[in-house]
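Geometric and topological summary
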Amino acid sequence: VERMPADTGPIDFVRLCGALIGRALADRVGSFTLPVISERINVPDGGVDAEYTTPETLLVPETGGLIGPGRTVFQFKYRDASATNRSTIVQRLVQKLREEFPRVAPKCDRYVLLTNIQLSGAQPRKLHDSLIDRAPTFVGKQIIIWGAAEIALALNLVPHLRHQTLRHRRSGTP
């Protein structure tokens, strides 16, 4: 996931995230439903790349995964892992999220960040804390952060999506 090429990676990453969210919805809600997803890349999106509101009648419990109760806002952050070192990438990601999150926080019950960068050690906590620092009213609400490892694990649980993703990377087709 981290090695998605810079030329096709951003769009492929958005599509991969959408497919994983769709699969999570199918597992949790019982039917294949897609969230509202924007494939617009490098344009202002107000910090919202996708969103889904779970109907109250479904009573979906909070499990800390992609889907949960209420309105979930998804943010996809593709970064070219070969452009600079991971520490710098995460530092820039923190800066970007600190700008965007205060606009997003009042609009949702849950926030899910998906990035193609491998997050390790204290990096997920640093991202989480920087979000809460910018929007203290979000304390007590769910912030889910998935890096490359979590996305790869979810992808491994859905072999046909994994095959489709790897096939595209090998052939270079969308």
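Thresholds, definitions, all that
Residues numbered from 1 in each chain as written. Predicted model: local features only at pLDDT ≥ 70, side-chain atom pairs only at ≥ 80, totals over all residues. Heavy atoms only, no water. Helix = DSSP H or I, 4+ residues; strand = E, 2+ residues; numbered from the N terminus. Buried < 20%, exposed > 50% of the residue type's maximum accessible area, 1.4 Å probe, protein only. Contact = heavy atoms within 4.5 Å. Areas by Shrake-Rupley, 256 points an atom, 1.4 Å probe, with all protein chains shown as cover. Pairing = 2+ DSSP bridges. Axes fitted to C-alpha atoms, helices over the stretch in contact; angles between N-to-C directions. Core = buried A, V, L, I, M, F, W, Y, C linked by side-chain atoms within 4.5 Å. 1 Å grid on protein atoms, 1.4 Å probe; cavity = no way out; pocket = protein on both sides within 12 Å on 5 of 7 lines; lining within 4 Å. Points joined across faces, edges and corners; volume = space filled by probe spheres on them. Nonpolar A, V, L, I, M, F, W, Y, C, P; charged D, E, K, R; others polar.

Along its length, the chain carries five helices and five strands. Along the chain, helices and strands appear, N-terminal first, in the series α-β-β-β-α-β-α-β-α-α. Looking at the chain residue by residue over its 174 residues, the buried ones come to 44%. Within the chain, residue pairs in contact and separated by at least 24 positions form 67% of the contacts whose partners lie at least 6 positions apart. Just so you have it, the chain exposes about 9100 Å², and 53% of that area is on carbon and sulfur atoms.

Strand order in this open sheet of five strands is β1-β2-β3-β4-β5, and the pairing throughout is mixed. Across the chains shown, the open sheet's two edge strands, defined by having one partner strand only, are β1 (36-37) and β5 (142-146). Relative to strand β4 (residues 110-115), strand β3 (residues 70-77) runs parallel, the two sharing six bridges. Paired with Thr 72 across the bridge in β4 is Arg 110. In the packing of helix α2 (residues 86-104) onto the sheet, contacts are made with β3, β4 and β5, and the angle to β3 comes to roughly 155 degrees.

The next thing to look at is the nonpolar core. Of all hydrophobic cores here, the largest spans 25 residues; its most connected members are Phe 13, Leu 20, Ile 21, Leu 66, Phe 74, Phe 76 and Leu 114. It is helix α1 (residues 9-29) that provides the largest number of residues to this core, a total of eight residues. Beyond its immediate sequence surroundings of up to four residues, Leu 66 is in contact with Leu 20, Ile 21, Ala 24, Thr 72, Phe 74, Arg 110, Val 112, Leu 114 and Trp 146. Counting residues in hydrophobic clusters, the runner-up holds 22 residues, among them Val 73, Val 90, Val 94 and Phe 138.

Another point: the layout of surface pockets. Its volume calculated, the second largest pocket comes out at about 250 Å³. Residue lining of the second largest pocket: 15 residues in total, with Ala 24, Asp 27, Leu 66, Trp 146 and Ala 154 positioned closest to the centre. Those elements that place two or more of their residues in the lining of the second largest pocket are α1 and α4 (148-156). Among the elements that take part in the lining of the second largest pocket, α1 stands out by supplying five residues, more than any other. Here the lining of the second largest pocket is built from residues that sort into nine nonpolar, two polar and four charged.

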